[in-house]
Amino acid sequence: SLTYCIIISIMNRSMRLFPTAARAFSSKAVSHAPPKKIHGTTGRYAGAVYTAASKASLLDKVEGELLAVNDLIGKSPNFAAFLANPTISRQDKATKIGDLVTEPKFTHITRNLFLTLAANGRIGDSDKVIRDFSELMQAARGSVKVTIISAEVLKKKQLESIQAGITAMVGSGKTVDVDTQVDASILGGLQVMVGDRFL
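Quick look at the structure, then. Please read all numbers here as calculations on a predicted model, not as lab measurements. (Residues numbered from 1 in each chain as written. Predicted model: local features only at pLDDT ≥ 70, side-chain atom pairs only at ≥ 80, totals over all residues. Heavy atoms only, no water.)

### Digging into the overall build of the chain
Quick note on the threshold: Here a strand is any run of E in DSSP of at least two residues, a helix any run of H or I of at least four, and the numbering for each starts at the N terminus. Exposure categories follow from relative accessible area, calculated using a 1.4 Å probe and restricted to protein chains: below 20% of the type maximum is buried, above 50% is exposed, and the middle band is partly exposed. Any two residues whose heavy atoms approach within 4.5 Å at even a single point are treated as in contact. We get accessible surface area from the Shrake-Rupley algorithm with a probe of 1.4 Å; when it comes to residues, only the shown protein chains can shield them.
Looking only at helices and strands, the chain features nine helices and four strands. Sequence-ordered secondary structure for the chain, helices as α and strands as β, is α-α-α-α-α-α-α-α-β-α-β-β-β. Within the chain, the fraction of its 199 residues that count as buried is 30%. Sequence-distant contacts, at least 24 apart, represent 68% of the contacts inside the chain between residues at least 6 apart. Taken as a whole, the chain presents about 12600 Å² of accessible surface, with 57% of it coming from carbon and sulfur.

### Remarks on the packing of aromatic side chains
Heads up, the rule is: Aromatic contacts are taken between Phe, Tyr and Trp rings whose centres are within 6.5 Å, Trp giving its six-membered ring; a plane angle under 30 degrees counts as stacked, one over 60 as edge-to-face, and the others as tilted.
Applying the stated criterion across every chain yields a total of one aromatic pair. Between Tyr50 and Phe133 the ring centres are 6.4 Å apart and the planes differ by 50°, which places this aromatic pair in the tilted class. In this pair, Tyr50 sits in helix α3 (residues 41-55) while Phe133 sits in helix α8 (residues 126-140), placing the two residues 83 residues apart along the sequence. Each member of the pair, Tyr50 together with Phe133, is buried.

### Re the packing of helix α5 (residues 77-84) against helix α6 (residues 90-100)
Cut-off, in case you're wondering: Each axis is a line fitted through C-alpha atoms, taken for helices only over the stretch in contact, and angles between the N-to-C directions span 0 to 180 degrees. Roughly parallel refers to an angle under 35 degrees, roughly antiparallel to one over 145, roughly perpendicular to one between 65 and 115, and oblique to any angle outside these ranges. Each residue receives one of three labels: charged for Asp, Glu, Lys and Arg, nonpolar for Ala, Val, Leu, Ile, Met, Phe, Trp, Tyr, Cys and Pro, and polar for the others, Gly being one of them.
Two elements in contact, α5 and α6, have axes separated by 10 Å at closest approach and are oriented at 140°. In terms of their interaxial angle, α5 and α6 are classed as oblique. Of the residues in α6, those in contact with Phe79, Phe82, Leu83 and Ala84 of α5 are Asp92, Lys93, Lys96, Ile97 and Leu100. Looking at the contact of α5 with α6 residue by residue, the class counts come to six nonpolar, no polar and three charged.

### Focus: helix α7 (residues 108-119)
The condition that has to hold: Each helix should span, by expectation, one fewer than its residue count multiplied by 1.5 Å.
When the terminal C-alpha atoms of α7 are compared, their 16 Å separation across 12 residues agrees well with the 16 Å that a helix rising 1.5 Å per residue should span. A positive backbone phi angle near 70° is found at Gly121, which sits one or two residues after α7.

In structure tokens:
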């Protein structure tokens, strides 16, 4: 229709006259920023990986790759010790991790992350970066990670009561992912951590 053509014409002229505004409008349409900010060095690495993976539409794939590497580190004490050893050069660590996360088995995003961590002397923090990335993915899915630490194993009704209270607190539309831990040394008998903050 004539009205539609006029609107399109106005929009095209506006974009030519105000390219910056047009870019700003476009960037707002699709945001690749992390759903939350996690403080600290490992949080910044995780945020950068999230943004890169989001732009490439590879969030789920990168998440799976990071969890696979984290699982390997957890199951191989020797490999974990190698990564954490400060006497081993950054170059040697980069070579070792580079041989592990090769393309196309792994995405370039995952590979670049580990090579960057190795080059910056941060490869020993890999598990923390992966933890922070997982937290970002949970937030993007509307899931809140909750860690309940108790002096003794909680009974089923106790756990259900605590979960109900947390669910009410975080609000509707979000799911609660609960992890329980036992630490007989804690004071007060119970600690609840939502994300990275204690209640």
